[in-house]
Amino acid sequence: MASIDVKEISFRYIAQWVIEDLSFRVKGGEFWGIIGPNGSGKTTLLKILSGLIKPQRGRVLIDGDELRRMKRPDIAKKVAVVPQETQISFPFTSLEVVLMGRSPYLGRLQFEGRDDFEVTERAMRLTDTLQFSRRPVSELSGGERQRIFIARALAQEPEIILLDEPTSNLDISHQVEFYDLISRLNREKNLTILTVSHDINLASEYCQKIILLSGGRIFKMGSPREVVAEESIRQVYGSRVLVDENPVTKSPRITLLRKEPSYNGTPEAQVK
Amino acid sequence: MIVSPRKIITVCCLFFCLLLGVILASLSLGAAKIGLPQVLRILIHHAVYFDSPLGPEGLIIISVRLPRILLAGLVGAALAVAGCSFQALLRNPLADPYILGVSSGSALGAVLAILVGFSATSFGMPLASFCGAMITVMLVFHVGKVGRSLHTNTLLLAGVIISSFFSAIIMFVISVVQNEDLSKIVFWLMGDFSSSSYHFILIILPYIVGGIGAIYFNARGLNLILMGEETAVQLGSDVERLKKMAYIFASLITAAGVSVCGLIGFVGLIIPHSVRMLLGPDHRLLIPASTLVGACFLIGSDTIARTIAAPTELPVGAVTATFGAPFFIYLLKRRKV
């Protein structure tokens, strides 16, 4: 169970700070969500945590080790990333793609051995992808392909999985299926999960803690109940929402309200 | 399905046998009909008694056809592997070894060599075109670099622009200068193995063998790059180093090949493609298989070029284009690349 410690990090591409003075601590085995409007720094934060870019100020500790000092393959053994929907224009089969998750463990000219195949098979069984291991990833549906990417992440045998808007191209049934799977991995394998999401309802349903980012800073951080509130959402997103409770799971639920009054004149929409 | 050392060795042995077959067939074909048994007898005799004088048929086999075949094989292998690397580097299955301007740089070098009379010596044109190619490579590399990282889109743009700039200079030179030697450039632009010699083979061999070796050494990294650059980093590879490596070595072997025989199109495009369709996209198998198939293909094409309209010789580039262009259109239409 690996923890993530973020200590006063700031990052900028050119002049403007995209991430400014951010600090938080994710304990091993926790399931966190990051929400916030476009340009609030969510994806940049995820890139920093996977070692893709280095913050100009501050430090990130993965399980107590300074990320900046870790070698790439060593980071890949601890932290795996499930990307957004990606196009792969070469005909790799699903099994080949999942096997690539083993590359941090392999030497330059070394081939996958028996235990690499075992790890890969287990990852594919967990994600229910074994049946299309011989099919090219490019021919899979969006939902199937995202499961292949989880399988690849699992093949890295990581302790932390970072997800970057993983369900943005999936229909509702696949979104739920996807997060059910992630949540099961979180419980059963004690994986630390950090997911960036545009869908506040999904985040509040599945995450134990949520960070609400605004302009590269933490606007609010805490349990879904603390963060997902009408006032905070209005201040950060600039849009009015209604927050009530999911009648089944009791987690907070937002309802979007249109800004122009609707023609059928629902009273909520006309409240000033 | 999954690449293993055993599969690589099996496939390579098969293609190596094919290559030997193509070489023998090509040795026996030509203006002077020399049967296969006779070819084998001459080869064995020459291998055993290296210094003994050659008969007329021996001379044709050993001094004329064999160097030409070996050179075509070497160039074919180089172009095919360069194609594999450029396609991985640009994550575009339709990229070819000339896409980043190596061709125009070497053509400019060759034109300038003719202009200053440097082409009178047998090494003049190859040397000049190699230098032209390497200067272009460096130029494109520096334009394509953003900060310390290599930006593939910028690289592509830089290649296209520098390439058309050089083509403009070539056009300018050809139209302004009245030089009879410039007709040589027409042959050069379509590829020509007629001036092959063992010297050329020995000179380009280290570049091509070293370059292919360096690219093969990074074969798994090239697989990862096809998953996207960020993903490749997150899977533990040093993508910046990998991209520079792929660019430099693929350009180097292209330049080495082009310098001795001129521009031969389509090899670097269709060989990686066909091999990928046959054996899958894993570079650990794709690179060695393309090396051998590329060699077979170019030896075959050159054999056709020198025999089909004998005694007239066709430029070998015309032959590869005759096969290559329809195949390319087929690939585009099929859209399963």
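Residues numbered from 1 in each chain as written. Chains lettered and ligands numbered in written order. Predicted model: local features only at pLDDT ≥ 70, side-chain atom pairs only at ≥ 80, totals over all residues. Heavy atoms only, no water.

Asker: Looking at this structure, how should I read the overall build of chain A?
Answerer: Each helix and strand counted, chain A has 10 helices and 12 strands in total. Relative to the 2.2 N^0.38 estimate, which gives 19 Å for 272 residues, the radius of gyration of chain A is 20 Å and therefore close to what a compact globule would have. Referenced to the eigenvectors of the C-alpha coordinate spread, the extents of chain A come out at roughly 65 × 45 × 35 Å. Counting across all 272 residues of chain A, residues that qualify as buried make up 53%. When contacts within chain A are restricted to residue pairs at least 6 apart in sequence, those whose partners lie at least 24 apart make up 64%. Surface exposure of chain A reaches about 12800 Å², of which carbon and sulfur atoms provide 48%. (Helix = DSSP H or I, 4+ residues; strand = E, 2+ residues; numbered from the N terminus. Rg over C-alpha atoms; globule rule 2.2 N^0.38 Å. Buried < 20%, exposed > 50% of the residue type's maximum accessible area, 1.4 Å probe, protein only. Contact = heavy atoms within 4.5 Å. Areas by Shrake-Rupley, 256 points an atom, 1.4 Å probe, with all protein chains shown as cover.)

Asker: Could you clarify how one ought to interpret the side chain of glutamine 234 of chain B in this entry?
Answerer: Here glutamine 234 of chain B lies in helix α10 (residues 229–234). Setting aside chain neighbours within four positions, we find glutamine 234 of chain B in contact with Ser50, Leu52, Ala76, Val79, Val81 and Gln156 of chain A.

Asker: Would you explain unusual backbone geometry in this entry?
Answerer: Backbone geometry follows two general trends: most residues other than glycine have a negative phi, and most peptide bonds adopt the trans configuration. Backbone geometry at asparagine 190 of chain A places phi at a positive 55°, although glycine is not the residue there. Assignment of secondary structure puts asparagine 190 of chain A in the loop between α6 (172–188) and β8 (192–196). One non-glycine residue, arginine 91 of chain B, lies in the positive phi region at around 50°. Within the secondary structure, arginine 91 of chain B sits in the loop between α3 (56–89) and α4 (102–115).

Asker: Even after reading the chapter, I still don't get the pairing of strand β7 (residues 160–164) of chain A, so can you show me in this structure?
Answerer: Each regular strand shows side chains that alternate between the opposite faces of the sheet. Residues and elements named next belong to chain A. Of all 5 residues in β7, 5 are buried, a share of seventy percent or more. What you see with β7 is no split at all: Ile160, Leu162 and Asp164 on one side and Ile161 and Leu163 on the other are buried throughout. Bridge analysis of strand β6 (residues 79–82) against β7 gives 4 bridges, and the strand direction is parallel. If you follow valine 82 over to β7, its bridge partner there is leucine 163. As defined by bridge partners, β7 adjoins β8 across 5 bridges and the pair is classed as parallel. Bridge assignment links leucine 162 to a residue of β8, and that residue is leucine 194. Chirality of the crossover, the property in question, places the unit of β7, α6 and β8 among those that are right-handed. (Pairing = 2+ DSSP bridges. Right-handed = clockwise from strand over helix to strand, strands pointing away.)

Asker: How do you make sense of the nonpolar core when you look at a structure like this?
Answerer: Nonpolar side chains tend toward joint burial in soluble globular proteins. With 158 residues, the main nonpolar core has Phe92 of chain A together with Phe193, Tyr247 and Ile264 of chain B as its most contacted residues. When residues of this core are assigned to their parent elements, the largest contribution, 18 residues, is made by α3 of chain B. Residues within four places of isoleucine 264 of chain B in sequence aside, it is in contact with Leu79, Tyr98, Gly191, Phe193, Leu298, Val316, Gly317 and Thr320 of chain B. Within the second largest apolar cluster, 29 residues are counted, among which are Phe24, Ile34, Leu162 and Val196 of chain A. (Core = buried A, V, L, I, M, F, W, Y, C linked by side-chain atoms within 4.5 Å.)

Asker: Can you help me understand the packing of helix α2 (residues 36–48) of chain B against α3 of chain B in this one?
Answerer: The packing of two helices is summarised by the inter-axis angle and the distance between the axes. All names here are of chain B. α3 packs onto α2 with a crossing angle of 80° between their chain directions and a minimal axis gap of 10 Å. With respect to α3, the axis of α2 lies roughly perpendicular. Together, Gln38, Val39, Ile42, Leu43 and His46 of α2 and Glu57, Gly58, Ile61, Ile62 and Leu66 of α3 make up the contact between the two elements. Of the residues assigned to the contact of α2 with α3, the class counts are 6 nonpolar, 3 polar and 1 charged. (Axes fitted to C-alpha atoms, helices over the stretch in contact; angles between N-to-C directions. Parallel < 35°, antiparallel > 145°, perpendicular 65-115°, else oblique. Nonpolar A, V, L, I, M, F, W, Y, C, P; charged D, E, K, R; others polar.)

Asker: Any chance you could explain the confidence of the model for chain B here in plain terms?
Answerer: The predicted coordinates of low-pLDDT regions are not to be read in fine detail. Looking at chain B as a whole, the pLDDT averages 88, with 98% of positions reaching at least 70. Taken over the whole predicted complex, pTM reads 0.90, whereas the ipTM for its chain interfaces reads 0.89. (pLDDT = per-residue confidence, 0-100.)

Asker: Just to check I follow, could you spell out the packing of aromatic side chains for this structure?
Answerer: Aromatic rings in a pair are described by how distant their centres are and how their planes are angled relative to each other. Under the criterion given, the structure shown has 9 aromatic pairs over all chains. Relative to tyrosine 179 of chain A, the ring of phenylalanine 178 of chain A lies with its centre 5.7 Å away and its plane at 80°, an arrangement referred to as edge-to-face. Neither phenylalanine 178 of chain A nor tyrosine 179 of chain A differs from the other in exposure class; each is buried. Centre to centre, the rings of phenylalanine 86 of chain B and tyrosine 247 of chain B are 6.4 Å apart; their planes meet at 70°, and the pair counts as edge-to-face. Of this pair, phenylalanine 86 of chain B sits in helix α3 while tyrosine 247 of chain B sits in helix α11 (residues 239–261), placing them 161 residues apart in sequence. Of the two residues, phenylalanine 86 of chain B and tyrosine 247 of chain B, neither departs from the other in class, the shared state being buried. Each residue in the set Phe178, Tyr179 and Tyr206 of chain A is aromatic and connected to the rest through ring pairs, giving one cluster. The ring of tyrosine 105 of chain A has arginine 102 of chain A sitting right over it, with the charged end atom 4.2 Å from the ring centre. (Phe/Tyr/Trp six-rings, centres within 6.5 Å; stacked < 30°, edge-to-face > 60°. Lys NZ or Arg CZ within 6 Å of the ring centre and 35° of its normal.)

Asker: Would you mind showing me how to read the sheet that holds strand β2 (residues 17–26) of chain A here?
Answerer: Whether parallel or antiparallel, the strands of a sheet pair through hydrogen bonds between backbone atoms. Residues and elements named next belong to chain A. The 4 strands are arranged β2-β1-β4-β5 in an open sheet whose pairing can be described as antiparallel. Every other strand in the sheet has two partners, leaving β2 and β5 (65–66) as the edge strands with one partner each. Pairing of strand β1 (residues 4–12) with β2 involves 6 bridges; the strand directions are antiparallel. Considered in β2, the bridge of phenylalanine 11 is made with isoleucine 19.

Asker: Looking at this structure, how should I read the pairing of β1 of chain A?
Answerer: Residues and elements named next belong to chain A. In textbook terms, the turn of a hairpin is the stretch between consecutive antiparallel strands, and for β1 and β2 this stretch comprises 4 residues. Bridge count between β1 and strand β4 (residues 57–62): 5 bridges; the pairing is antiparallel. Note that in β4 the partner of valine 6 across the bridge is valine 60.

Asker: How do you make sense of the interface of chain B and chain A when you look at a structure like this?
Answerer: Contacts between the two partners involve 32 residues from chain B, matched on the other side by 35 residues from chain A. Across the chain B/chain A interface, buried area totals approximately 3000 Å², and carbon plus sulfur atoms make up 66% of it. For the chain B face of the interface with chain A, the top three residues by lost area are Arg220, Met227 and Gln234 of chain B, together amounting to 23%. The tally of links from chain B across to chain A stands at 2 salt bridges. Among the salt bridges present, the one from glutamate 230 of chain B reaches lysine 47 of chain A, with a minimum N-O distance of 3.2 Å. Remark: the boundary between chain B and chain A carries 7 residue pairs in polar contact (both at pLDDT 80 or more). Taken together, the residues of the side of chain B that touches chain A break down into 15 nonpolar, 9 polar and 8 charged. (Buried area = accessible area lost by both parts, 1.4 Å probe. Salt bridge = Lys/Arg side-chain N within 4 Å of Asp/Glu carboxyl O. Polar contact = N/O pair within 3.5 Å; in protein donor to acceptor, adjacent residues only side chain to side chain.)

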